[in-house]
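So the chains spell out like this:
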Amino acid sequence: MKHVLITGGAGFIGSNVALKLVNQGIKVTVLDNLSKQIHGENPESDSPLFLSIKDKVNFIKGSVTSRKDWLNALEGVDIVLHLAAETGTGQSMYEIEKYVDVNIGGTAILLDILANEKTNVKRVVVAESRAIYGEGRYWSEELGQYVYPNERPEETMSQGDFEVKYKDCKENLKLVATTEDSLIHPGSVYGITKQVQGQLVHLVCKSLGIESVSFRYQNVYGPGQSLSNPYTGILSIFSTRILNGNEINIFEDGKETRDFVYIDDVVEATIKGLTVPGISGEAFNIGTGVATDVMKVAETLNKSYDKKVTIKVNGNYRLGDIRHNYADITKAKDLLDYEPKWDFEKGIKEFAKWVLTQPVKQDTYEKSIDEMKQKGLYK
């Protein structure tokens, strides 16, 4: 590994990976459009993520939807880490063309170039997402098998019943960790685009003799993540609301769970994906293997900031949201020697400490909720 291209390399994961690689003496090129949704109104002067890499990498301001920008960025590169993507699950349900153009179209341009132009690329590593699984994996004692429930219907959620159901099952299902061979059935446009990204990369790279690896990241968090993006990142959204003195509205009943994985662990896993031999064609879950409920997140952040904003559980819900999902990370442990070092309590403490060093961002969360209400996605 001599020269790595990181698309989306000014983003949260990408910038942290870039800095680590630079410190190891690896040449890094970053292709990023410095999206205002992530970096704020004046990214080139105000974005901490961009400024952290600005003078340390070969930075190209451009888009993965531009063939010209791809060709420029790929010059001399032997490994591609493709992270650039639109990432809001709810937003993807009404900005469909943008999500498909960037996530699928941008990946298609990369692969078209690899198939038809002369490059030095030996491996492509692409970010998939936990979103490709839709609802997580469950065990049905009644059926004696693992089951994969579909989206929860509006008629049951409107009555305050948020638990998942499965056809022909009368008894409650038991949540279990989601493995890489679990059913892939995304419940959002975003999830579909990430699924297709991974499939395209593995299929085309294999035909070209180029190695491919994909990562199904869980909920990544930590110092440096965008505090101004109201469409993704529950820890950022809650933090911004708390520091603005605004109440937190917990969706559903607050018992929905996610797998929160600290940025340092994600960086370690990602770099192993760039370098470990013998893993071509593999997809890896990257998380902690621990399910944490949303109510605990809100209460922990309130305590971390020494605030007492109101936490309201009033039964609102978003159509298409999953109830639970946490990762089985056995495969990453076995093949990548991946072992998360940060538990939730330790990671949140470090995250909150960093947030308090940052200017308090304007809380634009209600705007994103209004958009979903107008589209009939928020109830």
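Our structure is the block above this text.
Figured I'd write up the structure that's included with this text. (Residues numbered from 1 in each chain as written. Predicted model: local features only at pLDDT ≥ 70, side-chain atom pairs only at ≥ 80, totals over all residues. Heavy atoms only, no water.)

1. Observations regarding helix H13 (residues 344–355)
Part 1 of the argument: Compared with the 16 Å implied by 1.5 Å per residue over 12 residues, the 16 Å span of H13 between its first and last C-alpha is a close match.
Part 2 of the argument: Taken as a whole, H13 has its buried residues at Phe344, Gly347, Ile348, Phe351, Ala352, Trp354 and Val355. Looking straight down H13, one finds that the buried residues subtend no more than 155 degrees of arc, so they occupy a single side. For H13, the exposed residues lying more than 90 degrees away from the buried face are Lys349 and Lys353.
Part 3 of the argument: Tucked inside the fold, the buried residues of H13 contact strand E10 (219–221), helix H9 (234–243), strand E13 (260–262), strand E15 (292–293) and helix H11 (294–304). (Helix = DSSP H or I, 4+ residues; strand = E, 2+ residues; numbered from the N terminus. Expected span 1.5 Å × (residues − 1). Buried < 20%, exposed > 50% of the residue type's maximum accessible area, 1.4 Å probe, protein only. Arc of directions from axis to C-beta. Contact = heavy atoms within 4.5 Å.)

2. Some thoughts on the sheet that holds strand E6 (residues 137–140)
Part 1 of the argument: Spatially, 3 strands are ordered E7-E6-E8 in an open sheet, and the strand pairing comes out antiparallel. Of all strands in the sheet, those with a lone pairing partner are strand E7 (145–147) and strand E8 (174–176), marking the two edges. In this sheet, adjacent strand axes meet at a mean angle of 40 degrees when their direction is disregarded. (Pairing = 2+ DSSP bridges. Axes fitted to C-alpha atoms, helices over the stretch in contact; angles between N-to-C directions.)

3. Some details on the side chain of Ser212
Part 1 of the argument: Position of Ser212 among the secondary structure elements: in strand E9 (residues 211–217).
Part 2 of the argument: Owing to a relative accessible area of 2%, Ser212 belongs among the buried residues under this scheme.
Part 3 of the argument: Polar contacts involving the side chain of Ser212 include one to the side chain of His202, which spans 2.8 Å.
Part 4 of the argument: Not counting the four nearest positions on each side in its chain, Ser212 is found in contact with Val124, Val201, His202, Cys205, Ile279, Ser280, Gly281 and Glu282. (Polar contact = N/O pair within 3.5 Å; in protein donor to acceptor, adjacent residues only side chain to side chain.)

4. Some points on unusual backbone geometry
Outside of glycine, negative phi angles account for most residues, and trans bonds account for most peptide bonds.
Part 1 of the argument: Within the chain, Leu34 stands out as a residue other than glycine whose phi angle is a positive 50 degrees.
Part 2 of the argument: The phi dihedral of Asp306 is positive, around 55 degrees, even though this residue is not glycine.
Part 3 of the argument: Residue placement: Asp306 occurs in the loop between H11 and strand E16 (311–313).

5. Quick word on helix H8 (residues 189–208)
Part 1 of the argument: Between the first and last C-alpha of H8 there are 28 Å, a value that for 20 residues agrees with the 28 Å anticipated at 1.5 Å per step.
Part 2 of the argument: Residues of H8 that are buried: Val189, Tyr190, Gly191, Thr193, Lys194, Gln195, Gln197, Gly198, Val201, His202, Val204 and Cys205.
Part 3 of the argument: The secondary structure elements touched by the buried residues of H8 are strand E4 (79–82), helix H6 (96–116), strand E5 (123–127), E9 and strand E14 (282–286).

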